[in-house]
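# Structural description and commentary
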Amino acid sequence: MTADFPPLKNDLLLRAARGEQTERAPVWVMRQAGRYLPEFREVRAQHEFLKICRTPSLATEITMQPIRRYKGLLDAAIIFSDILVIPEALGMELIMNPGPFFPAPLDTPADIAKLRTEVDVYKELGYVFDAITMTRRELDGEVPLIGFCGAPWTLFSYMIEGGGSKTYQKTKSWLFKWPEESKTLLKRIADICVDFLVGQVKAGAQLLQVFDSWAGELAPHHFREFSLPLLKYISTTVRSKLAAEGIPTVPMTLFPKGANADLAAIAEGTGYDTISLDWCIEPSEARRLVGDNIALQGNLDPNLLYGGRDAIEREVKRMCASFRGGKASKGWIANLGHGITPGVDPEDLRWFFECVHKYSSVSYQV
Ligand code: 1CP
């Protein structure tokens, strides 16, 4: 099925994700299609966020915006969508006002009965698959396309809090009061993640990223109890389902934001090709913890993009030295440690890309 897509002209991302040392680090940024771009704000002024997600031609257009603007500098596209489409597929109404908000969150385990028991991802999320296929054609092989989903723990927290949270009080009450019911719900979410990711690969996604954005809210032993087993379940089941259908697997990346205390356990036990780091760990230290058999992604503090060009250059240079130095020379994908934020000047992001190209190059002499 992927055979009739145009051939890939830039495979830096895929090679680095497989652990190869590349001639320079491939680079992309989380939320690269977003509100910091005037061309994104123009489309958003005319269409609701969820309407864009659900309309393949609009999702394709937005996914392509940073690729066009930063032609030759960006090494990946990521499909425009949101992690919260899974709770929506489970039957939860999702409103953007302007942040995501579920008007009827799950208050107690009795509310699980309100969710759909069977989720056919082709019916509920087929619009994402259509957007992926359309974007692959539009990309014409220029760079690979990343598909993604939210991790069960992160999605669970949105479904219970009803939106973003500072304390995760409701979510944690669930975990600690009702651990078994919590695990049942987490597993149900994980099963949808699996089907959704498999469908994305069939539609044309060339790498998959699982966002566990709130992993760091859990104590290490709670992360190992409530998140890690499902992250592993997702990677192994996605691969076995693809293999059963004779579809070649794709590299998988995990973003366990904030779970730096668990990096060694994550590298050992979850089956991902790449771990995406936040900015709270030194790259060389992360490499020491995870060993040599896994690629790393990251990890500039996104707020450095507000620090001016000198600070960006200095910090990119430092980041490159830390990822590239000594044992850290294997598989590295340059990125931020979390998503780019709305106030960044797009020309400062261009400078970030240019600095990565220069200072991550194997020919750059320190
Ligand atoms: O008004 C707008 O235009 C909405 C802003 C926006 C955008 C541009 C939201 C709402 N989502 C997105 C796109 C998005 N979200 C992508 C697109 C691909 C890309 O360019 O990277 C991706 C991968 C996401 C993933 C996502 N959504 C995450 C995981 C990554 C992360 O940043 O931690 C999370 C936690 C969300 C939830 C979400 N969606 C939107 C917002 C503002 C939020 C955060 C809400 C909060 O918890 O405070």
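Below is a short write-up of the structure. (Residues numbered from 1 in each chain as written. Predicted model: local features only at pLDDT ≥ 70, side-chain atom pairs only at ≥ 80, totals over all residues.)

## Examining helix α15 (residues 309–324)
- Between its first and last C-alpha, α15 extends 22 Å over 16 residues, near the 22 Å set by a 1.5 Å rise per residue.
- Along α15, the residues that are buried comprise Ile312, Val316, Met319, Cys320, Phe323 and Arg324. Around the axis of α15, the buried residues are gathered within 110° of arc, so they sit on the same side.
- In the core, the buried residues of α15 are packed alongside α14 (283–290), β8 (295–300), β9 (332–336) and α16 (346–359). (Helix = DSSP H or I, 4+ residues; strand = E, 2+ residues; numbered from the N terminus. Expected span 1.5 Å × (residues − 1). Buried ≥ 20, exposed ≤ 12 C-beta atoms within 10 Å, placed from the backbone. Arc of directions from axis to C-beta. Contact = placed C-beta atoms within 7 Å.)

## Observations regarding the site of the ligand
- Around the ligand, a shell composed of 23 residues is seen, among which Gly34, Gly164, Phe211, Ser213 and Gly339 lie nearest.
- In terms of residue class, the shell around the ligand is made up of 11 nonpolar, eight polar and four charged. (Near = placed C-beta within 6 Å. Nonpolar A, V, L, I, M, F, W, Y, C, P; charged D, E, K, R; others polar.)

## So, the nonpolar core
- One finds Ile86, Cys193 and Val210 to be the most contacted residues of the largest nonpolar core, which totals 116 residues.
- Sort the elements by how many residues they give to this core and helix α10 (residues 179–203) lands first, with 12 residues.
- What Val210 contacts, discounting residues up to four positions off in sequence, is Phe148, Cys149, Ala151, Leu231, Ile234, Leu254 and Phe255. (Core = buried A, V, L, I, M, F, W, Y, C linked by C-beta atoms within 7 Å.)

## As for unusual backbone geometry
- A cis amide bond links Asn97 with the next residue in sequence, Pro98, at an omega value of -10°.
- Within the secondary structure, Pro98 sits in the loop between β2 (95–96) and β3 (100–101).
- A cis amide bond links Gly298 to the next residue, Asn299, at an omega of -5°.
- Turning to its location among the elements, Asn299 is positioned in strand β8.
- The backbone of Arg31 sits at a positive phi, close to 65°, despite the residue not being glycine.
- Here Arg31 shows up in the loop between α1 (12–17) and α2 (38–46).

## Structural notes on the pairing of β9
- Within β9, five of the five residues are buried, leaving the element largely enclosed by the surrounding structure.
- On β9, burial covers both faces: Trp332, Ala334 and Leu336 on one face and Ile333 and Asn335 on the other are all buried.

## Topic: α16
- The terminal C-alpha atoms of α16 lie 20 Å apart, and with 14 residues this matches the ideal 20 Å at 1.5 Å per residue to within 8%.
- Buried within α16 we find Leu349, Phe352, Phe353, Cys355, Val356 and Tyr359. Along the long axis of α16, the arc covered by the buried residues comes to 160°, so they all point the same way.
- Buried residues along α16 sit in contact with α15 and β9.

## Thoughts on the packing of α15 against α16
- Across the interface, α15 lies against α16 with an axial gap of 9 Å and an inter-helix angle of 35°. The handedness of the crossing between α15 and α16 is right-handed. Contacts from Arg309, Ile312, Glu313, Val316, Lys317 and Cys320 in α15 reach Asp348, Trp351, Phe352, Cys355, Val356 and Tyr359 in α16.
- Residues belonging to the contact of α15 with α16 are distributed by class as follows: eight nonpolar, no polar and four charged. (Axes fitted to C-alpha atoms, helices over the stretch in contact; angles between N-to-C directions. Left-handed = near helix turned anticlockwise from the far one by under 90°.)

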